[in-house]
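# Coordinate inspection notes
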Amino acid sequence: MEAQPVLVETDVDTDGQANFDRIIAQDSRIEPRDWMPAAYRKTLLRQISQHAHSEIIGMQPEANWISRAPSLKRKAILMAKVQDEAGHGLYLYSAAETLGQSRDQMMADLIAGKARYSSIFNYPARSWADMGAIGWLVDGAAICNQVPLCRASYGPYGRAMVRVCKEESFHQRQGFEILLELSQGTPEQKQMAQDAVNRWYAPSLMMFGPPDDDSPNSRQSMAWNIKRFSNDELRSRFVGMMVEQVRVLGLTLPDSEIRFNADTKMWEHSELDWQEFKEVLAGRGPCNAQRLERRRDAHDDGAWVREAAAAYAERQAVATESAA
Ligand code: BYC
């Protein structure tokens, strides 16, 4: 007679779905070696890889201004910020790799135009004040979205977010400080700051994603403790933060409809142009083609670095093996 497996406690623990459900119910963390439903893995890969691509493509609008920064100090700060964004991309690609997809594949999807990245980076940075608006609004929106992601149920994603958020806080402060200095400068400088805020405000609100009733992924992502708040909740929270800060800047937000609804406890604002959002997502935003072309060129230009690094790693492996 064939021996029957003995059901001990560890077998129950390793019973994939039950173990997964228990971890989620306890608001604890799923780690790479834990069993997870295929749909959970797919959702995480989708979100984390898009997030990584956003950091990498997001370097471009600011990198364009490094050579034109108005002083050596500003140049050094901007260069450090852009390098931080590269670092964020790398932590996130590493987190996505733990889910079983290679970085080469993710990069191939990005440069083939098959992968998404945040809509915000398809808008042009027209003046130095845009460096302020990007830091203040874009990094500000990113923080608002990412602080709850520090508690995402997937361990590598949540942990990556902790460090990213710390760095984003510096980024936001430097953007705020650029705008403050311009706002307190000549009338032309103040106008330049206002113009930048006017152009980046609505696209930064779109970073939170489509409205809740048009967000196909939110419900399941919230049930899995990946997302903690809905797109509209975070957008409203962000508007409330900006309303306070813009007063300190001596500037205004380009929306006269902003008000706090005491019943719903939400900040309300004018309807955003969701048709524009859809156009940008479909690849028809002001800079989509330019951003991807630049990324492709950078990938090609960097081929020799990847080849040299691979050859070096191979030589080191052979040396370690023969030493052993
Ligand atoms: N842009 O069901 P939904 C940074 C897509 S970089 C493009 O609500 P979900 C920085 C969405 O992917 C940080 N696509 O989705 C860097 C989905 O399409 P698929 C950027 C968007 O995932 C350099 C569809 O629309 N932050 O800070 O539940 C310099 C339906 O949406 C967008 C992140 O990446 C968009 N704005 O929620 C300065 C945050 N919105 O995949 C700064 C991480 C939605 O089904 N991501 N879509 O084809 C998230 O938190 C969530 O994925 C989202 C969307 C809130 C964005």
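Description of the structure in this document. Keep in mind that this is a model prediction, so the values were computed, not measured.

Right, let's talk about the overall build of the chain for a bit. Counting its secondary structure elements, the chain contains 14 helices and two strands. Oriented by its inertia axes, the alpha-carbon framework of the chain measures out at about 90 × 60 × 30 Å. Across the 324 residues that make up the chain, the buried fraction comes to 46%. Here the chain has roughly 17300 Å² of accessible surface; of this, 54% comes from carbon and sulfur atoms. Of the side-chain charges in the chain, 38 are positive and 45 negative, and the distance between the mean point of each set is 3 Å.

To continue, consider the site of the ligand. Gln50, Ser119, Ser215, Lys227 and Asn231 are the nearest of the 35 residues found near the ligand. Side-chain polar atom of Asn231 to an oxygen atom of the ligand: 2.8 Å apart, as the coordinates give it. Secondary-structure elements contributing two or more residues to the shell around the ligand are helix 3 (38-57), helix 5 (72-97), helix 7 (129-149), helix 8 (155-183) and helix 12 (274-281). In terms of residues, the shell around the ligand owes the most to one element, helix 3, which gives six residues. For the shell around the ligand, the per-class residue count stands at 12 nonpolar, 14 polar and nine charged.

So, about the packing of helix 3 against helix 8. Their axes nearest at 13 Å, the elements helix 3 and helix 8 cross at an angle of 25°. Taken together, helix 3 and helix 8 sit at an angle that is classed as roughly parallel. Crossing hand, helix 3 versus helix 8: left-handed. Judged by residue contacts, Leu44, Gln47, Ile48, His51 and Glu55 of helix 3 engage Tyr157, Met161, Val164 and Glu168 from helix 8. The class makeup of the residues in the contact of helix 3 with helix 8 is five nonpolar, two polar and two charged.

Taken together, the side chains of Asp212, Asp213, Asp214, Glu233 and Glu271 present a region of like negative charge at the surface. Topologically, Asp214 is positioned in the loop between helix 9 (187-206) and helix 10 (218-223).

Applying the stated criterion to the full structure yields five aromatic pairs. For the pair Phe20 and Tyr40, a centre-to-centre distance of 4.9 Å together with 75° between the ring planes defines the contact as edge-to-face. Here Tyr40 lies in helix 3 and Phe20 lies in helix 2 (residues 16-25), a separation of 20 residues in the sequence. Considered together, Phe20 and Tyr40 belong to a single accessibility category, that of buried residues. Between the aromatic rings of Phe208 and Phe238, the centroid separation amounts to 5.4 Å while the plane-to-plane angle is 45°, which identifies the pairing as tilted. Note that Phe208 is positioned in the loop between helix 9 and helix 10 and Phe238 in helix 11 (residues 231-249), a separation of 30 residues in sequence.

This paragraph deals with the side chain of Asn231. With respect to the element layout, Asn231 can be found in helix 11. Here Asn231 falls in the buried class, since its relative accessible area comes to 5%. The contacts of Asn231, once residues within four sequence positions are left out, are Phe208, Gly209, Pro210, Asp212, Ser215 and Ser218.

All right, on to helix 2 then. Here helix 2 has its buried residues at Gly16, Asn19, Phe20, Ile23 and Ile24. Along the axis of helix 2, the buried positions cluster into a sector of 130°, meaning they face one direction only. Of the residues one or two after helix 2, Asp27 is the one with positive phi, at around 55°.

Attention now moves to unusual backbone geometry. Comment: phi is negative for the bulk of residues other than glycine, and the bulk of peptide bonds are trans. Backbone geometry at Asn225 places phi at a positive 60°, although glycine is not the residue there. Unusually for a residue other than glycine, Lys265 sits at a positive phi of about 60°. Take Lys265: it is sitting in the loop between strand 1 (259-261) and strand 2 (266-268). Relative accessible area serves as the criterion here: at 59%, Lys265 is assigned to the exposed category.

Parameters at a glance
- Residues numbered from 1 in each chain as written.
- Predicted model: local features only at pLDDT ≥ 70, side-chain atom pairs only at ≥ 80, totals over all residues.
- Heavy atoms only, no water.
- Helix = DSSP H or I, 4+ residues; strand = E, 2+ residues; numbered from the N terminus.
- Buried < 20%, exposed > 50% of the residue type's maximum accessible area, 1.4 Å probe, protein only.
- Areas by Shrake-Rupley, 256 points an atom, 1.4 Å probe, with all protein chains shown as cover.
- Lys, Arg positive; Asp, Glu negative; His and termini not counted.
- Charge placed at Lys NZ, Arg CZ, Asp CG, Glu CD.
- Near = heavy atom within 4 Å.
- Polar contact = N/O pair within 3.5 Å; in protein donor to acceptor, adjacent residues only side chain to side chain.
- Nonpolar A, V, L, I, M, F, W, Y, C, P; charged D, E, K, R; others polar.
- Axes fitted to C-alpha atoms, helices over the stretch in contact; angles between N-to-C directions.
- Parallel < 35°, antiparallel > 145°, perpendicular 65-115°, else oblique.
- Left-handed = near helix turned anticlockwise from the far one by under 90°.
- Contact = heavy atoms within 4.5 Å.
- Patch = residues over 30% accessible without salt bridge, like charges linked within 9 Å, V, L, I, M, F, W, Y side chains within 5 Å.
- Salt bridge = Lys/Arg side-chain N within 4 Å of Asp/Glu carboxyl O.
- Phe/Tyr/Trp six-rings, centres within 6.5 Å; stacked < 30°, edge-to-face > 60°.
- Arc of directions from axis to C-beta.

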